[in-house]
Amino acid sequence: MSATILDGKATAAAIKDELRSRVKALAERGIVPGLGTVLVGDDPASHIYVAGKHRDCAELGIASIQRELPADVSPAEVDRVVDELNADPACTGYIVQLPLPKHIDEQRVLERMLPEKDADGLHPVNLGRLVLQKPGALPCTPRGIVELLTRFGVPIAGAEVVVIGRGITAGRPLGLLLTRRSENATVTSCHTGTRDLVAHTRRADIVVVAAGVPGLLTTDMIRPGAAVVDVGSTRVVGADGKGRMVGDVDPGVREVAGWLAPIPGGAGPMTRAMLLANVVEAAERSA
Ligand SMILES: Nc1nc2c(c(=O)[nH]1)N[C@@H](CN(C=O)c1ccc(C(=O)N[C@@H](CCC(=O)O)C(=O)O)cc1)CN2
């Protein structure tokens with residue numbers, strides 16, 4: 001039996017429709033949310049993601065503020081741009097696209113942002129709020145995964161969830177989100193160095209893979225009927241010389257899993273939709 005596909009593209013489109021009316025309601029009160037982006041360097045994937053974020057904003061009637069900086073920018077210049085967005089009243093929320101070039105300290109830049117303008121939920125204050133189960137912006141990929149599972153009726157409360165990968169944008173905050181009282185899952189945080197990884201994944205009701213290792217999760221590693229969410233995406237060049245994205249989940253898993261959020265078309269589009277939700281919610285809160 002083939003898995004039910006957790007269609008992130010269609011779900012993100014439905015969420016955008018829901019947000020459109022909320023942006024309209026804000027506009028009727030004279031409030032236009034404005035999303036800022038800070039993009040440093042020439043990483044082609046980052047350029048594509050940021051362009052997608054601004055396309056989404058244009059579709060919904062959210063204003064866009066774009067700041068692009070060269071790969072060899074000085075830390076002081078990045079600080080200056082962050083300070084500028086912190087002070088700009090037209091920018092109601094913004095993100096710093098990750099990863100940053102090696103010579104820029106990511107954590108220092110995130111900490112310089114005003115927590116109330118952090119549209120990505122990656123500022124330490126917002127991550128602390130997540131730990132404390134207080135309201136605040138949530139990281140977009142974890143929020144999108146929980147939303148996707150919920151909308152497709154995948155049981156989360158009481159579920160055994162294994163998250164492979166502990167990065168700051170996906171794996172680590174996802175574990176925190178799923179163990180909140182409102183989600184109530186039991187989470188095991190694994191990584192590529194976990195001893196006997198398969199013993200963990202085989203017990204799980206839900207497996208989320210965000211390790212960036214193509215094909216890491218194979219058919220024999222999951223319980224038949226489990227839900228699987230692919231988050232890791234790696235660009236590879238095929239025999240035809242063309243580039244394409246591959247996930248951390250082996251294609252055979254589709255035949256064993258009960259549900260599958262694939263790459264592409266699963267968690268990625270939900271990440272974009274949740275950024276919009278964070279921006280709209282922040283504007284509603286400030287109104
Ligand atoms: N500041 C942030 N940086 C990064 C984040 C983030 O949430 N905040 N997440 C990722 C990149 N990202 C958004 O920023 C992102 C990644 C992937 C997708 C997506 O829709 N992917 C497609 C496939 C795309 C392709 O084929 O090229 C999919 O899965 O269908 C959206 C957003 C790291 N940095």
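Given the structure is predicted, the values throughout are model-derived calculations rather than measurements.

## As for the UniProt feature "domain: Tetrahydrofolate dehydrogenase/cyclohydrolase catalytic" (unreviewed entry) in the protein chain
Phase 1 of the analysis: Within this structure's numbering, the places UniProt gives as "domain: Tetrahydrofolate dehydrogenase/cyclohydrolase catalytic" (unreviewed entry) are residues 6–120.
Phase 2 of the analysis: End C-alpha atoms of residues 6–120 are separated by 23 Å, and the span's content is 50% helix alongside 16% strand.

## Brief notes about the domain arrangement of the protein chain
Frequently, the measure chosen for interface size is the accessible area removed from exposure when the parts meet.
Phase 1 of the analysis: In terms of domains, the protein chain is made up of domain 1 (31–121) and domain 2 (140–268).
Phase 2 of the analysis: For domain 1 and domain 2, the distance between their C-alpha centroids amounts to 27 Å.

## Quick look at the pairing of strand E10 (residues 243–247)
Phase 1 of the analysis: Pairing of strand E9 (residues 233–237) with E10 involves five bridges; the strand directions are antiparallel. Looking at the pairing, Val237 lines up with Gly243 of E10.
Phase 2 of the analysis: Linking E9 back to E10 in an antiparallel pair, the connection comprises five residues, with Gly241 at a positive phi of about 80°.

## Concerning the environment of Asp7
Phase 1 of the analysis: Here Asp7 is to be found in the loop between strand E1 (4–5) and helix H1 (8–28).
Phase 2 of the analysis: C-beta crowding within 10 Å serves as the criterion here: with 19 such atoms nearby, Asp7 is assigned to the partly exposed category.

## Focus on the nonpolar core
Phase 1 of the analysis: If you look at the biggest cluster of nonpolar residues, it comprises 81 residues, and the most contacted ones within it are Val207, Val208, Val209 and Val228.
Phase 2 of the analysis: Take this core: its biggest share by element is 11 residues, from helix H9 (residues 267–286).
Phase 3 of the analysis: Each of two domains, domain 1 (31–121) and domain 2 (140–268), supplies a minimum of three residues to this core.
Phase 4 of the analysis: What Val208 contacts, discounting residues up to four positions off in sequence, is Ile145, Val161, Val163, Leu174, Val229 and Val231.

## As for the pairing of strand E3 (residues 63–69)
Phase 1 of the analysis: Pairing geometry for strand E2 (residues 34–40) and E3, over seven bridges, is parallel. In the strand pairing of E3, Gly34 is matched with Ala63.
Phase 2 of the analysis: Note on the crossover from E2 through helix H2 (residues 44–60) to E3: the handedness is right-handed.

## Structural notes on the packing of H2 against H9
Phase 1 of the analysis: Where H2 contacts H9, the two axes come as close as 10 Å, and the packing angle between them is 50°. It follows that H2 is oblique to H9 by the angle criterion. You can see that H2 and H9 cross each other, and the crossing is right-handed. Contact residues: H2 offers Gly52, Lys53, Asp56 and Leu60, while H9 offers Arg272, Leu275 and Leu276.
Phase 2 of the analysis: Looking at the contact of H2 with H9, its residues break down into three nonpolar, one polar and three charged.

## Looking at the site of the ligand
Phase 1 of the analysis: Taken together, 19 residues are adjacent to the ligand, and Tyr49, Leu98, Met245, Pro264 and Gly268 come closest.
Phase 2 of the analysis: Of all the secondary-structure elements, those providing two or more residues to the shell around the ligand are H2, strand E4 (93–96), helix H6 (140–151) and H9.
Phase 3 of the analysis: It is H9 that provides the largest number of residues to the shell around the ligand, a total of four residues.
Phase 4 of the analysis: Looking at the shell around the ligand, its residues break down into 10 nonpolar, seven polar and two charged.

Definitions and limits used
- Residues numbered from 1 in each chain as written.
- Predicted model: local features only at pLDDT ≥ 70, side-chain atom pairs only at ≥ 80, totals over all residues.
- UniProt positions renumbered as here; feature names shortened; annotations may be inferred.
- Helix = DSSP H or I, 4+ residues; strand = E, 2+ residues; numbered from the N terminus.
- Domains from an automatic or database assignment.
- Pairing = 2+ DSSP bridges.
- Buried ≥ 20, exposed ≤ 12 C-beta atoms within 10 Å, placed from the backbone.
- Core = buried A, V, L, I, M, F, W, Y, C linked by C-beta atoms within 7 Å.
- Contact = placed C-beta atoms within 7 Å.
- Right-handed = clockwise from strand over helix to strand, strands pointing away.
- Axes fitted to C-alpha atoms, helices over the stretch in contact; angles between N-to-C directions.
- Parallel < 35°, antiparallel > 145°, perpendicular 65-115°, else oblique.
- Left-handed = near helix turned anticlockwise from the far one by under 90°.
- Nonpolar A, V, L, I, M, F, W, Y, C, P; charged D, E, K, R; others polar.
- Near = placed C-beta within 6 Å.

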